[in-house]
Amino acid sequence: QVQLVESGGGLVQAGASLRLSCAASGFPFSEYAMGWFRQAPGKERELLAAIKWSGDFTNYAESVKGRFSISKDNAANTVYLQMNSLKTEDTSVYYCARDRQRRRYITPTRIGDFGSWGQGTQVTVSS
């Protein structure tokens with residue numbers, strides 16, 4: 001069974017950095033693209049970053065481009081989201097998810113490309 005467990009969230013001040021982790025199991029991790037998302041109360045779920053299954057291409061939402069970076073460690077079956085220069089508007093529940101398609105040629109860009117969501121981890125940024 002596919003399992004994704006996010007961790008690393010917490011309360012930080014604006015301008016701080018935080019690294020989220022997503023531990024994956026139940027599937028060949030190295031052969032699937034992964035993504036990070038967030039959903040704040042009353043808002044739609046937003047795709048923040050995605051990394052191709054091969055690890056050599058990424059894409060980012062404009063709201064986090066230049067501040068966040070996604071990476072993966074195949075040996076650890078873990079995908080990370082490094083968040084720098086955090087802003088109060090980054091406050092949200094953050095989720096990771098796996099691409100529905102094995103070895104997708106193009107780095108996913110649509111929320112509908114993903115499934116097998118984790119439980120989420122809360123990130124709160126204070127001013």
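Chemist: Pulling in residues and values, what's your account of the nonpolar core?
Modeler: Within the largest apolar cluster, 26 residues are counted, with the highest numbers of intra-cluster contacts made by Leu-81 and Met-83. Residue assignment for this core shows that the elements contributing at least two residues are strand S3 (18–25), strand S4 (32–39), strand S5 (46–51), strand S7 (68–73), strand S8 (78–83), strand S9 (92–102) and strand S11 (121–126). Considering each element in turn, this core owes the most residues, 4 residues, to S3. Apart from the residues within four sequence positions on either side, Leu-81 is in contact with Leu-18, Arg-19, Leu-20, Trp-36, Leu-48, Ala-49, Phe-68, Ser-69, Ile-70 and Tyr-94. Grouped together as the second largest cluster of nonpolar side chains are 5 residues, Phe-37, Leu-47, Ala-50 and Phe-114 included.

Chemist: Quick one: what's the story with the packing of aromatic side chains, residue by residue and with numbers?
Modeler: In the structure shown here, the tally under the stated rule is 4 aromatic pairs. An angle of 90 degrees between the planes, with centres 5.5 Å apart, marks the rings of Phe-27 and Tyr-32 as edge-to-face. We classify Tyr-32 as buried; its relative accessible area is 11%. Here the aromatic rings of Phe-37 and Phe-114 are separated by 5.0 Å at their centres, their planes lie at 80 degrees, and the arrangement is edge-to-face. Here Phe-37, found in strand S4, pairs with Phe-114, found in strand S10 (residues 114–115); they are 77 residues apart in sequence, far enough to count as distant. A relative accessible area of 0% places Phe-37 in the buried class. An aromatic cluster of at least three residues, connected via ring pairs, comprises Phe-27, Phe-29 and Tyr-32. The ring of Trp-117 has Arg-45 sitting right over it, with the charged end atom 3.7 Å from the ring centre.

About the criteria used
- Residues numbered from 1 in each chain as written.
- Predicted model: local features only at pLDDT ≥ 70, side-chain atom pairs only at ≥ 80, totals over all residues.
- Heavy atoms only, no water.
- Core = buried A, V, L, I, M, F, W, Y, C linked by side-chain atoms within 4.5 Å.
- Buried < 20%, exposed > 50% of the residue type's maximum accessible area, 1.4 Å probe, protein only.
- Helix = DSSP H or I, 4+ residues; strand = E, 2+ residues; numbered from the N terminus.
- Contact = heavy atoms within 4.5 Å.
- Phe/Tyr/Trp six-rings, centres within 6.5 Å; stacked < 30°, edge-to-face > 60°.
- Lys NZ or Arg CZ within 6 Å of the ring centre and 35° of its normal.

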